Number of protein chains: 2
Amino acid sequence: MSTTMKDVARIAGVSISTVSKVINGSPTISQATIDRVNHAIKNLNYTPNERARNLARKSTKHVAFLTLVKRDMAFYNPHVFEIMLGSQQALSSRGYTMEFIGLKFKNLDVVKNLVESQKIDGMIVHASVITQEMTKFIVKSKIPHVIIGMPNFPNGVSWIDNDNNLSGQLATKHILSLEKEKIAFIGGKKNDLISELRLEGIKEELSHNMISMSDNHIIKTNSSFKDGYEATVKLLNDKERPNAIICANNLLDLGCIKALNDYSIKIPDEIAVVTFDDYPYAIITNPPTTAINIDVYDLGQQASRLLIEKIKKPNYHFQTYMTVPLLVTRESTRKTI
Amino acid sequence: MSTTMKDVARIAGVSISTVSKVINGSPTISQATIDRVNHAIKNLNYTPNERARNLARKSTKHVAFLTLVKRDMAFYNPHVFEIMLGSQQALSSRGYTMEFIGLKFKNLDVVKNLVESQKIDGMIVHASVITQEMTKFIVKSKIPHVIIGMPNFPNGVSWIDNDNNLSGQLATKHILSLEKEKIAFIGGKKNDLISELRLEGIKEELSHNMISMSDNHIIKTNSSFKDGYEATVKLLNDKERPNAIICANNLLDLGCIKALNDYSIKIPDEIAVVTFDDYPYAIITNPPTTAINIDVYDLGQQASRLLIEKIKKPNYHFQTYMTVPLLVTRESTRKTI
DNA sequence: TTGAAAGCGGTACCAC
DNA sequence: GTGGTACCGCTTTCAA
């Protein structure tokens, strides 16, 4: 058998409740016994049994991180893992551990069983697995939680997200500072909420500056290299050719820059380009593309921070928390002399 | 209070040990009572308390996945996460859960505490966190484990890895099938074990075919775009210019292809190119690069499978398990007509 | 086929 | 300050 508290108590010549108090840093123990107990712990090389503690203290210091997963996802959607990394770091620095749960579909039963089995103190849930029914369950169960990403339906859950509207504004502000006003946008289809929010931000910033955006300059498409290429060609053929293009993601950007190069358009002199997200292609386009970067690691950290806050103070409430995007300037918007 | 086994027992009119047996599928219970108990469970919406089960059964059905982590790692080193994905999938399909532990350095104390706290049944450890001291501890502790990646020192641990030697052979075989024999290799420095193993495979396959490799055609460098570019230029200037180049990774490949394009070398007619790993750049080079791909998801799955095997049969032993690389043929080695 | 009861290894309240 | 002890909620003999 492995050594238990009983052994420590015996060796130290105290009761097991005293040992427990020493381990948990209770203030009511004299320094002398603290030393005796710690000495015994060292000698016996004793480590508390976490399973027993979990049962006794009715909490596990264990948090679940839930996300939808697919094969190869680490390659084409690394952001989720960077969020997870931030979450885990913030959790472990506060004495919590993290269970990673990758779901193949929005599985309500798994979530239910997870919270009802009482093996976690809270959960961080990526918006990809969320359904309206699930939010209802989460709210009713009162499990401490943070959703990563704004749900696109009414809900009572606590969520945190990047400020996508602000991202759009930032991109636009930057382009306007180059004295370019004919801005085009290549983005996702209408149901792509993030793309829509960014577009809104772009429009807002433009109207602040009394500039309107031509409908022909807004292209909603899929998110492949090819789509980016074709959208760009379409923009080049528009009767009022834009002098700046904002791409909703790296793949569209890759296609866009390729098209501009093929048509011998000077970047940024004739057309400047800005993309959202910094990875993986913004760095290697020719020229490298200016990007609005989201610090997803930070997003994960904030999520954990808020979650632990909620675990500790059950009546602590928040509905939303926005993290801030960052501009990374590169040649695609750098004025040539 | 939440409902417990006691409640179920009372409602079903049986003892709690009977309830336990029903839940755990004991064969000694009559169908009639099984039905009664299950009915009560449904009615009360009862879920067993996992904390209590863990303590009572002295096992947690919980496995740790350990790896070294750094900020932005999901972007520049997604492979680890794809391995994790495979592991988690294989674990959960067998009723196990996974704790993700990202370490900032090779922290022996964390590992010790992890196994001594008895909260995991086993662990999958990425080679990035392994030290010789740690392998000693792991072996001594008898904790079921699988190391992902061959340790580069003598050890008694169980590990699993891709067959990097075979990868090198595969790349070489493919190039030889194009009737090109002057093969060059751009790889990592000497301490890069994986790169060395691949090079060995290349050499082995060549010597099988009675072909020797010029020392000038082996370049060991760092792993940046720039290094790939420069190495390629050096190869182009060699008195005996190679007609095929094997790059140890995607970034080197990116630089290599760029250099070949800048020097107007026809790919693959004048020089064919093969790279290791398929992501993220092999797909987008011009032309796209043929790659030797490692199915890291599968690697993760195998690791979990073996780990659970070991958990269930403590005297089941293995030292190594090799997964097989895959050739993805693209334009960079496709014969033009 | 079922149930009583002794753990599993701690925590935390309460008495001293 | 310290110790006795009743749990925490389940699993697992062992006897009936």
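Here, every reference points to the structure presented above.
Bear in mind that the values here come from a model prediction, so they are computed numbers and not experimental data.

Rules used in this analysis
Residues numbered from 1 in each chain as written. Chains lettered and ligands numbered in written order. Predicted model: local features only at pLDDT ≥ 70, side-chain atom pairs only at ≥ 80, totals over all residues. Heavy atoms only, no water. Helix = DSSP H or I, 4+ residues; strand = E, 2+ residues; numbered from the N terminus. Buried < 20%, exposed > 50% of the residue type's maximum accessible area, 1.4 Å probe, protein only. Contact = heavy atoms within 4.5 Å. Buried area = accessible area lost by both parts, 1.4 Å probe. Salt bridge = Lys/Arg side-chain N within 4 Å of Asp/Glu carboxyl O. Polar contact = N/O pair within 3.5 Å; in protein donor to acceptor, adjacent residues only side chain to side chain. Nonpolar A, V, L, I, M, F, W, Y, C, P; charged D, E, K, R; others polar. Pairing = 2+ DSSP bridges. Near = heavy atom within 4 Å.

Caption draft 1: Layout of the side chain of B:H217. Inspection of the secondary structure assignment puts B:H217 in the loop between α10 (193-208) and β7 (218-220). The exposure class assigned to B:H217 is buried, which follows from its relative accessible area of 2%.

Caption draft 2: Structural context of the interface of chain A and chain B. Listed per partner, the contact involves 51 residues of chain A and 52 residues of chain B. Summed over both partners, the interface of chain A with chain B buries about 4,600 Å², with 57% contributed by carbon and sulfur atoms. Our count for the chain A to chain B interface comes out at two salt bridges. Across the salt bridge formed by B:D295 and A:R71, the nearest N and O atoms sit 3.3 Å from each other. The tally of links from chain A across to chain B stands at 26 residue pairs in polar contact (both at pLDDT 80 or more). For the side of chain A that touches chain B, the elements supplying multiple residues, two or more each, are α4 (50-57), α5 (73-76), α6 (79-92), β2 (97-103), α7 (108-116) and α13 (296-312) of chain A. By residue number, the principal contributor to the side of chain A that touches chain B is α6(A), which donates seven residues. When grouped by side-chain class, the residues that make up the side of chain A that touches chain B number 23 nonpolar, 16 polar and twelve charged. Two elements, β2(A) and strand β2 (residues 97-103) of chain B, share two bridges in a ladder whose sense is antiparallel. Counterpart to A:M98 in the pairing with β2(B) is B:F100.

Caption draft 3: Structural view of the protein's contact with DNA strand D. Taken together, 26 residues surround DNA strand D, and among them A:T18, A:K21, B:M5, B:S20 and B:Y46 come closest. Sugar and phosphate atoms represent 68% of those atoms of DNA strand D found within 4 Å of the protein. Contact between DNA strand D and A:S15: a phosphate oxygen at 3.1 Å from a main-chain N or O atom of the residue. At 3.5 Å from a sugar or linking oxygen of DNA strand D is found a side-chain nitrogen or oxygen belonging to A:K58.

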